[in-house]
Amino acid sequence: MKLAVVDYVILAIYFGFVLGIGWRLRSKISTSGDFLTSGRSVPVWITSLAFLSANLGAQELVGMSGQGAKYGIMTAHFYWVGAIPAMIFVGLFMMPFYWASRARSVPEYLKLRFDEKTRALNALAFAVMTVFSSGISMYALGLLLHLILGWSFTASVLCSAAIVLAYTFLGGLTSAIYNEVLQFFLIVMGFSPLAIMAVTKAGGWGGMAARLKTMTLPNGMNGDVMTHSWKYIAHTNQNPMGIEIFGLVAGLGFVLSFGYWCTNFLVIQRAMAANSASAARRTPVIAALPKMLLPFIIIVPGIAALALSQMALGYVLPMKAGGPDYDQVLTTLMAQFYPAGMLGIGLTGLMASFMSGMAGNVTAFNTVFTYDIYQAYIRPGKADHHYLTVARVTTVVGVALSICCAYVAQYYNSIMDLLQLVFSFVNAPLFGTFLLGMFWKRSSGHGAFWGLLSGMASAGIAHGCTVAEGKGGWITGADAAFYHFPSTMAQNFWMSIVAFTMCTLVTILVSLATRPRPESELTGLVYGLTELKHDEGVAWYKRPVPLAFVIAALALFLNFWFA
C-alpha cells in the first residue's frame, strides 16, 4: 500500500486533533469522577454515538468485514439479531436501575444488589476481558501500520499504544467519548465509498449474487449461501457459519447479545455519562438506528471481496498460514481501489476505530480497577486525589497489558472469533446473573456468586471438550473431543448457551437454599420494588418507547428483505 503526501497530511491532522482533544480537556479533570465517569454531564446525542462507537473498534471494522468474506450476509445477524433487540432492552428496562442506583460501574451495581464477593468476581473477569479486547484492537492497528508504513509489528503496536495512552491519560473518559464521536463520522465518510465502489465493480448486488452462485467456497458449499441471511440456516451443514436456527437465536440473539449490550460496562459507561435519566434510557435506543445500517458499510465490502477475487481485476484474497487471512480483507480492498486522498480518509477512519476501541476498553478497565478493586479492597477511605492518581497509573498499566494481549491475537485468522470466545466466558454467564438480579427479588448474593463462577467454569469445560477449526479440545485432546463444530463461531455460540444455562440454574438453586437480602435493601435495584419516574416532563417523541417501536420495525424489515 503506497500513500501519497495528501494521505499523510490527513493522518497527521487526525493525530493532532485527537491529542488536542485530550490536551484541551485536561484542565476539566480535577476529581476521579471527572476522569472516570465524566460527571454525568454529556448530552444524549454524544452519548448515543459514543455508545455505538465503543463497539465500533478494530474488531468491528476489520473483524466484521472479514466475517463478511467468511460467512456472507449471515454476518449481519450480529446486528439485526445480535444487537438491536438487546440495545432496545437495555434502554427500556435496565438503564433505569443502573442510573437510579448511582453505581459508578457494573460491578458496583452487583455489590449493591448482591454482595462484595460477586462484585469482586465480576470486576476481575471484566478487567481481563477489557484488556483482551484492547489487545485485539492494538493487534489490528499493528497490522495496519505494518501494511501502510512497513514498520515491524512490534514498532506498530508500541506507536499506537503511545498515542492512545497520551489522550486517555490527559482527558480520561470524556476524551475517549468525544474521540468516539469523531471516529463515527470518519468511519462513515471513509468506508461508505468503499462499499459502493466494491459492490459496483462486482456488478451490483444482483451481479455479485449471480457471480457468487457459480462459486464453490473453500468449505465445499455453493456461494449462493453468501447472499442469504436465513435461507440456509435450517441445518449446520448448509451454511458457512455452521450454526442452526436455535444456536443462532439462543446463542447470539439472546445470550451473547444481551450479555454484551446489557452488562458490558464498556458500553453501559457511555449511557451512564448522560445528563439525565431519560437521556440515559434513550442513549442505547437512539444508537440502535445507525447500528442496524452499519452492515451496508462494513460487511458488504467483505462479501464483494469474495466475488472480486474471482474476477480478472487483480484482487486476490490475502492468505495466512495456507488459508484466507480474513482480517486483511478490508485493508487490501482499500489498497486496491482507493485513490490518493480517499485512501487517507479511509485509513484515518481505520486508525480512529482502532484507537477508539483501545481507549474505550482502557477507560472501562481503569474505572473498574480503581473503584471496584483498588478502592474496595486494597486502599479504601483515601482522599479523592489519591484515586485520581491511581486511575492515571492504571491507564498506563492497562495499555501495557493490552500490548501483551495483542500478540495472543496473532494465533487467530479472525479477530471476531477470538472476541466472541472471550464474551462467551464473561458476558454470557453475567447476563444470567443480571436477569435474575433485576427481575427476581429472591435471588441471593451466594446464588449470584456461585452461579457466575459455575457459568464461567462451564464455558471453559465446553471449550476444552470440543474442537472447532483446530481450537479447543485442551481437556480431552482434539481426537477425543466430544464434538467437532464446523466453525469457531458456532462453538462460541454454544459455549455461551452452556455458560448462561449453568449460571441461571445454579443461581436459582443456591438462592432457594440461602437467605435473600431484605426487600428494604433492594429498593431502586429490583423490578417490583422500585418506582420509576424517568420520563416525567419529557415530550412523547423524545421518550424511548416510541423510538424503540420504530427501530424494531426497521430491523424486522431488514431481516425479511435479506432472508
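As a starting point, this report considers the structure included with it. Computed from a prediction, not measured in an experiment: that's the story for all the values here.

Below, the discussion takes up the packing of helix α19 (residues 445-465) against helix α20 (residues 488-513). The N-to-C vectors of α19 and α20 enclose an angle of 150°; their axes lie 7 Å apart at closest approach. Taken together, the axis directions place α19 and α20 in an arrangement best described as roughly antiparallel. Judged by the sense of rotation from one axis to the other, the crossing of α19 with α20 is right-handed. Facing α19, whose interface residues are H446, G447, A448, W450, G451, L452, S454, G455, S458, A459, A462 and H463, α20 presents Q491, M495, V498, A499, M502, C503, V506, T507, V510 and S511. In terms of residue class, the contact of α19 with α20 is made up of 12 nonpolar, 10 polar and no charged.

So, on to the nonpolar core. Counting residues in hydrophobic clusters, the biggest one holds 176 residues, and the most contacted among them are Y98, F191, M334, L350, F434 and F493. Non-local contacts of F493, meaning those with residues more than four positions away in its chain, are made with F78, M241, I243, G247, L248, G251, L252 and L256.

On to the sheet that holds strand β5 (residues 483-485), then. Strands sit in the order β4-β3-β5 across an open sheet of three strands; the sheet is mixed. Each edge of the sheet is formed by a strand with only one pairing partner; in this case those strands are β4 (471-472) and β5. The sheet contact formed by strand β3 (residues 466-468) and β5 spans three bridges and is parallel. Residue V467 lies in a different strand from β5, and its bridge partner there is H484. α19 rests against β3, β4 and β5 of the sheet, and its axis sits at about 65° to β3. Helix-sheet contacts for α20 involve β3, β4 and β5, and the interaxial angle to β3 is about 145°.

Applying the stated criterion to the full structure yields nine salt bridges. Note that E116 and K111 form a salt bridge whose closest N and O atoms lie 3.8 Å from each other. K441 is the salt-bridge partner of E519, the closest N and O atoms lying 2.8 Å from each other. Note that E519 is positioned in the loop between α20 and α21 (544-561) and K441 in the loop between α18 (415-439) and α19, a separation of 78 residues in sequence. Ionic contacts of the salt-bridge type, sharing partners, join the residues E108, K111, E116, R119 and D372 into one network.

This next bit is on the layout of surface pockets. Each pocket or cavity is described by its volume, and for the largest pocket that value is around 570 Å³. Forming the boundary of the largest pocket are 31 residues, of which K70, P218, N219, P324 and Y326 lie nearest the centre. Looking at the lining of the largest pocket, the elements with two or more residues in it are α4 (58-71) and β2 (323-324). If one sorts the elements of the lining of the largest pocket by residue count, α4 sits on top with three residues. Across the lining of the largest pocket, the residue classes break down as 15 nonpolar, 11 polar and five charged. The calculated volume of the second largest pocket comes to roughly 160 Å³. When residues of the lining of the second largest pocket are traced back to their parent elements, those giving at least two are α6 (84-100) and α21. Per element, the largest residue contribution to the lining of the second largest pocket is five residues, and it comes from α21.

On to unusual backbone geometry. For E469, which is not a glycine, the phi torsion comes out positive at approximately 50°. Inspection of the secondary structure puts E469 in the loop between β3 and β4. Among the residues examined, E469 registers a relative accessible area of 36% and is labelled partly exposed.

Here we come to empty space enclosed by the protein. Tallied over the full model, the rule gives three cavities of 30 Å³ or more. Around the largest cavity, the lining is made up of 18 residues, and of these N55, F78, W261, Q420 and F423 lie nearest the centre. Where the lining of the largest cavity is concerned, the elements lending two or more residues are α4, α5 (77-80), α11 (245-263) and α18. Top element by residues in the lining of the largest cavity is α11. It accounts for five residues.

With that settled, the discussion passes to a nonpolar patch on the surface. On the surface, V5, V9 and I13 cluster together to form a nonpolar patch covering roughly 300 Å² of accessible area. Among the structural elements, V5 can be located in helix α1 (residues 5-25).

How each quantity is defined
Along each chain, residues carry numbers from 1 onward, in the same order as the chain's sequence is written. Predicted model: local features are reported for residues with pLDDT of at least 70 only, side-chain atom pairs are reported and counted for 80 or more only, and whole-chain, interface and lining totals are derived from all residues. Note that water and hydrogens are dropped before the side-chain values are worked out from all heavy atoms of the structure. Only the stretch in contact is used when fitting a helix axis, every axis being a line fitted to C-alpha atoms; angles between N-to-C directions are given from 0 to 180 degrees. We count a stretch as a helix when DSSP gives it H or I for four or more residues in a row; a strand needs E for two or more, and each element gets its number in order from the N terminus. Any angle that falls under 35 degrees is termed roughly parallel, while one over 145 is termed roughly antiparallel, one within 65 to 115 roughly perpendicular, and all others oblique. The sense of a crossing depends on the near helix, which, turned anticlockwise from the far helix by less than a right angle, makes the crossing left-handed and, turned clockwise, makes it right-handed. Contact definition: two residues touch when any of their heavy atoms are within 4.5 Å. Gly is put with the polar residues, along with every residue not named as nonpolar or charged; the nonpolar set is Ala, Val, Leu, Ile, Met, Phe, Trp, Tyr, Cys and Pro, and the charged set is Asp, Glu, Lys and Arg. The definition of a nonpolar core used throughout is a set of buried Ala, Val, Leu, Ile, Met, Phe, Trp, Tyr and Cys residues joined through side-chain atoms within 4.5 Å. Each residue gets one of three labels from its accessible area relative to the maximum for its type: buried under 20%, exposed over 50%, partly exposed in between, using a 1.4 Å probe on protein chains only. By the convention used here, strands pair only if DSSP detects at least 2 bridges between them. What makes a salt bridge here is a side-chain nitrogen of Lys or Arg within 4 Å of a carboxyl oxygen of Asp or Glu, nothing more. Only protein atoms enter the calculation, which uses a 1 Å grid: trapped sets of points that fit a 1.4 Å probe without letting it out are cavities, open sets showing protein on both sides within 12 Å along at least five of seven lines are pockets, and any residue with an atom within 4 Å of a point is a lining residue. Grid points are joined across faces, edges and corners, and a volume is the space filled by probe spheres set on the points. Patch membership requires over 30% relative accessible area and the absence of a salt bridge. Like charges are linked within 9 Å, and nonpolar side chains (Val, Leu, Ile, Met, Phe, Trp, Tyr) within 5 Å. Areas reported as accessible are Shrake-Rupley estimates using a 1.4 Å probe. Residue values count occlusion only from the protein chains shown.

These values are about where atoms sit, not about what they do.
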